[in-house]
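Structural features, examined
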Amino acid sequence: MLTVEGLTAGYGPLVILRDISLKMLKGEAVAIVGANGAGKTTLVRALCGLNRAHGGRIVKNGIDITGFPAHARPRHGMAALLENRRLFGEFTVRDNLRLAEEAGRKHRGRDLRFTWDDICDLFPMIGERERTRVELLSGGQQQMVAIARGLLLQPDLLILDEPSTGLAPKVVKEILQVLHNLRARGMGILLVEQNVGISIEITDRAYVMSLGRIVHDVQGNEWRSFMQDERLAKAFLGQ
Ligand SMILES: Nc1ncnc2c1ncn2[C@@H]1O[C@H](COP(=O)(O)OP(=O)(O)OP(=O)(O)O)[C@@H](O)[C@H]1O
Ligand SMILES: [Mg+2]
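Another point: helix H6 (residues 169–184). Between its first and last C-alpha, H6 extends 23 Å over 16 residues, near the 22 Å set by a 1.5 Å rise per residue. Every buried residue of H6 is accounted for by Val 171, Val 172, Ile 175, Leu 176, Val 178, Leu 179 and Leu 182. Considered in projection along H6, the buried side chains sweep an arc of 160° and stay on one side of the axis. For H6, exposure combined with an orientation more than 90 degrees from the buried face picks out Pro 169, Lys 170, Lys 173 and Ala 184. Count one or two residues on from H6 and you reach Gly 186, which has phi positive near 90°.

See the structure below:
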């Protein structure tokens, strides 16, 4: 579903990511872990088209999207929750979601993966607060609106950059539940998360990044006991 080959990318002329290669199958849930500054967010941004690739290829469902602008990528099944949620605070929940809903409908036609009713089932808060201005919601509620907006783009791959950061444990639990539900529906998930416990709970395997490169490809039991492995824990902590 997603193949990245030899991707080099950064900010303007500055190269941060070097020779990144990774593969995700349809419906797989994969984590990206690594120390602060390892390049996780830069990788997410490059996948979404927010940072230009200097070299290499990003292939999504058989189509080379490497040169496609960010706004063209949802059409190829990609949606992302970025560190900054980019919601419009002065608009209502419903209005924030309407644009994504229309864009999703445009490229999926009637064959929607997520209807409005699905969204209200996944996030009961959204149905209850649809007329509330987003700026009046808590951080956790805003995070849910941002995830819902991604889903209304009708992706087959949801990319999340640190979805739990700054949220209370109760809200983190609710978001985890949503991610579990999405997995059960066959959604592909690429999760960047500092909290390894959360990552392990949601994903089957992981890539470990350090200094802009992927340094380990961790599977199965090795992933489930990740922090007990000194070599992996060191790579994760950037030592
Ligand atoms: N806008 C920018 N311009 C130039 N360099 C940047 C920019 N944003 C990040 N960098 C650099 O890119 C490198 C990787 O940063 P990135 O934000 O991708 O790391 P990260 O793994 O997401 O870290 P964290 O865990 O702290 O979120 C760092 O050296 C950082 O200084
Ligand atoms: Mg980051």
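What follows concerns the side chain of Thr 203. If you trace the backbone, Thr 203 turns up in the loop between helix H7 (196–202) and strand S9 (205–210). Thr 203 gets classed as buried once you look at its relative accessible area, which sits at 5%. One polar contact links the side chain of Thr 203 to the main-chain carbonyl oxygen of Ser 199, over a distance of 2.6 Å. Engagement of the side chain of Thr 203 in a polar contact is seen with the side chain of Trp 223, the distance being 3.0 Å.

The next point concerns the nonpolar core. Counting residues in each nonpolar core, the largest one holds 40 residues, and the members touching the most others are Phe 123, Ile 126, Leu 151 and Leu 182. Residues in contact with Ile 126, not counting those within four places in the same chain, are Val 93, Leu 97, Trp 116, Ile 119, Met 144, Val 145 and Ala 148. The next biggest cluster of nonpolar side chains, apart from the first, holds 28 residues, and it includes Ala 9, Leu 43, Ile 58 and Met 78.

What counts and what doesn't
- Residues numbered from 1 in each chain as written.
- Chains lettered and ligands numbered in written order.
- Predicted model: local features only at pLDDT ≥ 70, side-chain atom pairs only at ≥ 80, totals over all residues.
- Heavy atoms only, no water.
- Helix = DSSP H or I, 4+ residues; strand = E, 2+ residues; numbered from the N terminus.
- Expected span 1.5 Å × (residues − 1).
- Buried < 20%, exposed > 50% of the residue type's maximum accessible area, 1.4 Å probe, protein only.
- Arc of directions from axis to C-beta.
- Polar contact = N/O pair within 3.5 Å; in protein donor to acceptor, adjacent residues only side chain to side chain.
- Core = buried A, V, L, I, M, F, W, Y, C linked by side-chain atoms within 4.5 Å.
- Contact = heavy atoms within 4.5 Å.

Any functional reading would require information beyond the geometric quantities listed.
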